[in-house]
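Summary of the model geometry
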Amino acid sequence: MEHYNMNLTLKVWRQKNTNAQGQFESYQVPGVSSEMSFLEMFDVLNERLINEGKEPVAFDHDCREGICGACSMHINGRAHGPWAGTTTCQLHMRAFKDGDTITVEPWRSGSFPVVKDLTVDRGAFDRIIEAGGYVSVNTGNAQDANNILVPKDDADAAFAAAACIGCGACVAACKNSSAMLFVSAKVSQLALLPQGQPEKKSRALNMIAQMDKEGFGSCTNTGACEAECPKEISLTNIARLNREYIAAGLTYEK
Amino acid sequence: MKWSQFFNTSIGKKLLVGATGLFLCSFVIVHLAGNLALLKNDGGEAFNVYAAFMSHNALIQFIAWGLKIVILVHAILALQLTFRNRAARPVKYAVNPGNQTSSWFSRQMAIMGSILLIFIIIHLKDFWYRMHYGELEPVSYGGEELKNMYLAVQVAFRELWIVIIYVIGMIGLSFHLVHGFKSAFQTFGLNHVKYNGLINFVGVWIFGILIPLGFAIIPVVIYFKSIQ
């Protein structure tokens with residue numbers, strides 16, 4: 001692909017802290033290379049802001065190789081920008097052209113309060129995991145790996161669900177701020193495996209109860225989450241979560 | 001888990017919305033089948049006999065009242081969920097993805113449902129209320145005297161504005177069911193590559209197009225016959 005440089009206008013959401021009123025600010029960013037990642041473009045902008053003695057734009061980032069899920073940016077109305085199946089760090093500037101104006105917002109959800117600028121608090125996801133997204137294992141010697149047989153198809157489906165990196169793009173993309181894709185992936189990865197069976201019922205019920213308590217909206221099956229998920233988690237997981245809920249709700253004695 | 005708890009979570013409420021929605025889908029089939037008698041060229045006999053049967057049979061009366069409760073449960077729970085969903089995003093996005101990530105129909109369920117609810121109220125007042133509690137001209141077939149509902153329908157659909165309201169109502173029904181029918185299956189956890197194509201086909205072509213079209217044709221045909 002041909003390399004080119006471009007001049008961009010960024011409209012970035014600036015917000016001092018959770019309680020402050022936020023607003024958009026515009027920045028001219030000249031000479032952006034098409035080879036840069038979106039985050040590197042922000043690094044260039046922040047270097048300049050620091051040199052000018054101004055407050056740099058706060059944004060989350062960690063691995064910069066598409067597997068940590070930290071880089072939460074809503075770019076031109078799209079979670080992680082216009083490319084499918086990518087995080088913001090894997091979005092490259094060749095997705096844009098010279099003279100573009102790019103609007104960058106934080107994830108918008110009452111359950112993900114803005115910490116500062118583009119950084120949001122995704123602690124609600126952690127609390128959902130704490131409510132049941134685990135398998136209780138007794139300590140002791142590791143068992144032989146082949147003690148419990150797992151069909152290959154189940155292992156593949158569980159692995160596909162386990163690819164969820166908890167980035168929150170599903171919530172950001174959903175018109176209802178629903179966390180169903182996240183919760184369904186975290187329930188599915190265990191519900192599909194024999195090791196997940198003993199706590200199956202309480203897991204589904206407790207995680208859904210926590211999801212509701214955190215104030216996430218409900219799913220209306222629009223499919224926006226699946227379209228935006230950087231790990232391409234399938235809507236079939238949401239159907240599985242619904243089945244888990246029905247089965248557990250109708251039979252759980254507590 | 002108690003029943004009250006089971007139906008009080010977001011998924012529990014959605015299960016009720018989906019179940020009532022599918023029940024209403026089955027109702028529109030029966031309703032359309034009966035209504036098509038309006039297009040029969042027999043001076044209204046078939047339709048009047050059908051209307052009399054529907055308003056006197058005890059079992060049908062029971063189901064008819066159940067139907068009104070089902071509509072209310074469906075609408076109240078769906079609105080409750082909608083308000084909660086709106087509240088889940090207190091600060092809106094400046095830029096939205098539009099149709100890039102989801103279908104237009106799937107995002108208009110509350111609007112189309114509300115249009116439909118208003119239509120149902122108008123429709124019940126127009127015909128159901130008059131059939132049961134209003135004054136209608138009598139008509140007799142072979143000695144048996146019946147209310148001439150057929151005539152009331154013919155008179156109503158001579159008015160262009162009433163025809164337009166009915167067509168708008170059916171556009172609301174169409175757009176609501178294009179997403180609604182298949183969405184209910186996903187809520188029940190019924191998502192399987194082998195059946196998704198069929199569910200989608202029935203949702204879009206039967207419930208989204210064929211049935212609303214069948215309903216909408218009736219007032220349009222009656223109107224054009226009346227101005228001839």
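On a predicted model such as this, the values are computed, not experimentally measured, just so you know. (Residues numbered from 1 in each chain as written. Chains lettered and ligands numbered in written order. Predicted model: local features only at pLDDT ≥ 70, side-chain atom pairs only at ≥ 80, totals over all residues.)

**Overview of the overall build of chain B**
A tally of regular secondary structure across chain B gives 9 helices and 2 strands. What you see in chain B, going N to C, is helices and strands ordered as α-α-α-α-α-α-β-β-α-α-α. Oriented by its inertia axes, the alpha-carbon framework of chain B measures out at about 65 × 45 × 40 Å. Burial status across chain B gives 30% buried among its 228 residues. By sequence separation, contacts in chain B at least 24 residues apart represent 77% of the contacts at least 6 residues apart. (Helix = DSSP H or I, 4+ residues; strand = E, 2+ residues; numbered from the N terminus. Buried ≥ 20, exposed ≤ 12 C-beta atoms within 10 Å, placed from the backbone. Contact = placed C-beta atoms within 7 Å.)

**Things to note about the overall build of chain A**
Across its full length, chain A carries 8 helices and 7 strands. C-alpha atoms of chain A, sized along the principal axes, occupy 60 × 40 × 40 Å. A buried classification covers 46% of the 254 residues belonging to chain A. Here the contacts in chain A between residues at least 6 apart in sequence split such that 71% fall between residues at least 24 apart.

**Some remarks on the sheet that holds strand β4 (residues 78–79) of chain A**
Residue and element names in this part refer to chain A. Reading across the sheet, the 5 strands line up as β2-β1-β5-β3-β4 and stay open at both edges, with mixed pairing between neighbours. Across the chains shown, the open sheet's two edge strands, defined by having one partner strand only, are β2 (23–33) and β4. By the bridge criterion, 2 bridges tie strand β3 (residues 74–75) to β4 in an arrangement that is antiparallel. Within the sheet, the bridge partner assigned to Ile75 lies in β4 and is Arg78. Contacts from helix α1 (residues 38–51) reach β1 (5–14) and β2 within the one sheet, and its direction differs from that of β2 by about 105°. (Pairing = 2+ DSSP bridges. Axes fitted to C-alpha atoms, helices over the stretch in contact; angles between N-to-C directions.)

**Brief notes about the pairing of strand β2 (residues 144–147) of chain B**
Side-chain direction in a regular strand flips from residue to residue, so the side chains alternate between the two faces of the sheet. Residue and element names in this part refer to chain B. Taken together, the 4 bridges between strand β1 (residues 138–141) and β2 define a ladder with antiparallel strand orientation. Note on β2: the bridge partner recorded for Pro138 is Lys147. Hairpin connection from β1 to β2: 2 residues lie between these consecutive antiparallel strands, with Gly142 at a positive phi of about 60°.

**What about the domain arrangement of chain A?**
Residue and element names in this part refer to chain A. By domain assignment, chain A separates into domain 1 (5–116) and domain 2 (122–251). Distance between the C-alpha centres of domain 1 and domain 2: 29 Å. Each partner contributes to the interface: domain 1 provides 18 residues, whereas domain 2 provides 17 residues. Partitioning the side of domain 1 that touches domain 2 into residue classes produces 5 nonpolar, 11 polar and 2 charged. (Domains from an automatic or database assignment. Nonpolar A, V, L, I, M, F, W, Y, C, P; charged D, E, K, R; others polar.)

**What to know about the packing of helix α8 (residues 160–187) of chain B against helix α9 (residues 193–227) of chain B**
Direction vectors running N to C along α8(B) and α9(B) enclose 170°, while the axes themselves pass 8 Å from each other. Put simply, α8(B) runs roughly antiparallel to α9(B). (Parallel < 35°, antiparallel > 145°, perpendicular 65-115°, else oblique.)

**Focus on the environment of Lys14(B)**
Considering the arrangement of structural elements, one finds Lys14(B) in helix α2 (residues 10–35). When sequence neighbours within four positions are dropped, the list of residues in contact with Lys14(B) reads Ser218(A), Leu81(B) and Thr187(B).

**As for the nonpolar core**
Judged by nonpolar contacts, the single largest core of 51 residues is most densely connected at Cys170(A), Ala173(A), Leu181(A) and Val183(A). Contributing elements (two or more residues each) for this core: α2 (123–130), α3 (152–162), α4 (169–173), α5 (180–191), α6 (200–213), α7 (224–228) and α8 (236–251) of chain A together with α2 of chain B. Among the elements that take part in this core, α5(A) stands out by supplying 8 residues, more than any other. Counting the residues that make up this core, at least three belong to each of domain 1 (5–116) and domain 2 (122–251) of chain A. Sequence-distant contacts of Cys170(A), defined by excluding residues within four places in its chain, comprise Ala179(A), Leu181(A), Phe182(A), Cys225(A), Glu228(A) and Cys229(A). By size, the runner-up hydrophobic cluster in this structure holds 27 residues, among which are Phe105(B), Met112(B), Leu177(B) and Phe185(B). (Core = buried A, V, L, I, M, F, W, Y, C linked by C-beta atoms within 7 Å.)

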